[in-house]
Amino acid sequence: MAVSTSPETPIPVGEVSRLIGGWIERLGAVWVEGQITQLSRRPGAGVVFLTLRDPSYDISVSVTCYRQVFDKVAEVVSEGARVVVHAKPEWYAPRGQLSLRAAEIKPVGVGELLARLEQLKKSLSSEGLFAADRKKPLPFLPQLIGLVCGRASAAERDVLENARHRWPAVRFAVRNVPVQGVHAVPQVIAAVQELDALPEVDVIIVARGGGSVEDLLPFSDEQLVRAVGAAVTPVVSAIGHEPDSPLLDLVADLRASTPTDAAKKVVPDVGEELARVQQLRERARRAIDGFVQREERGLAAALHRPSIQRPHRMVEEREEQITALLERGRRTLGHLLDRADSELSHTLARVVALSPKATLERGYAVLQQPDGTAVRSPGEVTAEDSLRARVAEGEFRVRVDGAPGAATAAE
């Protein structure tokens, strides 16, 4: 429960320490896993002092145990070993220190470590952290290579010497860090993140020589794997030898079997590239020569064609064809016009024969009402009606006589 205090009513340091101790006592015994970084076994002392460290988060806690508890695992446990401790938190009020009182210590075996790594591998793989589509391509010729490795290590020497032998102008930004032990994980993560933040760094190599499963454990740490997965710069993993396969190999953009192999995969060989350039130049020269020769042969063949030697021949041949077609067109058009003229004459004769004017010219006349309607029956007129008589040479008026069927000329 929270303690109510104020500047006017503070509580003594001893009381605060006592309260903290009370809260810690409520936690009870717990199982804790960590890596032993310090081990103190004083001759004749009945208590052994340990320091357990979490390499992923760079956190340590003191552990004490009776000698008879530690003697059970003394032959298999030493500094750097991973252990599981059953301990109860204790608060030393006079100094304000927290420690763990161990009642049992169990070393973490290689089989158990491998099982945990396999479980972590499946978990990270299900997140897609090892997916191929996350892999970033390496630049053909990196201008600046970031190298994370142990200080004065064989891995550093192998990478630098092989890379400079292949391409003497290559430059490195080296970050020396511990590559095993409790300090390895946070410092490797810090080095990778520092190099990833430099825009001039084109690729990062994380290199280490071979070792036991315990020695290579930092490169299977979850925090390191996630840090490499989040990097923007391509990362190459060159850990151990060919059989070694830490989780860093799976998340890295490229896996190299050894540090030497990393140098060969990241840096091109200047001799090979010069030879390749020379080969490409020869191929280009042969291709151009072949193209020119083919075009020359094609041009020579075209020049020997009759259409090129006598270009007017085609025009002359087409002129004769056009003349013949024009004559044929004229004859065809003349025949069509003659036929049309004949048909028109026949049609005109038939029209003239059927024309009312021709009938009038034979002496007939047409009587019309004042409104122009032709008189076809005597019953259509009455006595004294005035009609028009149309003849071939004109027309005149007539008046109907009193007797039906007779008429006399009016004028």
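Everything numeric here is computed off the predicted structure, so don't read it as measured data.

Colleague: Would you take a moment to explain the overall build of the protein for this structure?
Modeller: Looking only at helices and strands, the protein features twelve helices and 14 strands. For the protein, the C-alpha radius of gyration of 58 Å lies well beyond 22 Å, the compact-globule estimate for 411 residues. When its C-alpha atoms are laid out on the principal axes, the protein stretches across 180 × 85 × 45 Å. Across the 411 residues of the protein, 30% fall into the buried class.

Colleague: Just checking my understanding: could you explain unusual backbone geometry for this structure?
Modeller: The backbone phi angle of A152 is positive, close to 55 degrees, even though this residue is not glycine. Locating A152 in the fold gives a position in the loop between strand 6 (144-149) and helix 4 (154-166). By relative accessible area, which is 70% here, A152 ends up exposed. For E384, which is not glycine, the phi dihedral falls at a positive 70 degrees. The topology assignment puts E384 in the loop between strand 11 (366-368) and strand 12 (386-391).

Colleague: Help me out: how do you make sense of the sheet that holds strand 5 (residues 97-107) in this one?
Modeller: Two pairing modes exist for strands in a sheet, parallel and antiparallel, and in both the strands are linked by backbone hydrogen bonds. Spatially, five strands are ordered 1-2-3-5-4 in a closed barrel, and the strand pairing comes out mixed. Taking each pair of neighbouring strands and ignoring which way they run, the sheet shows an average axis angle of 55 degrees. Relative to strand 2 (residues 47-54), strand 1 (residues 30-40) runs antiparallel, the two being bridged by five bridges. Across the sheet, the residue bridging to I36 is L52, located in strand 2. On the sheet, helix 1 (residues 13-25) packs against strand 4 (82-92) and strand 5 and is oriented at approximately 140 degrees with respect to strand 4.

Procedures and definitions
Residues numbered from 1 in each chain as written. Predicted model: local features only at pLDDT ≥ 70, side-chain atom pairs only at ≥ 80, totals over all residues. Heavy atoms only, no water. Helix = DSSP H or I, 4+ residues; strand = E, 2+ residues; numbered from the N terminus. Rg over C-alpha atoms; globule rule 2.2 N^0.38 Å. Buried < 20%, exposed > 50% of the residue type's maximum accessible area, 1.4 Å probe, protein only. Pairing = 2+ DSSP bridges. Axes fitted to C-alpha atoms, helices over the stretch in contact; angles between N-to-C directions. Contact = heavy atoms within 4.5 Å.

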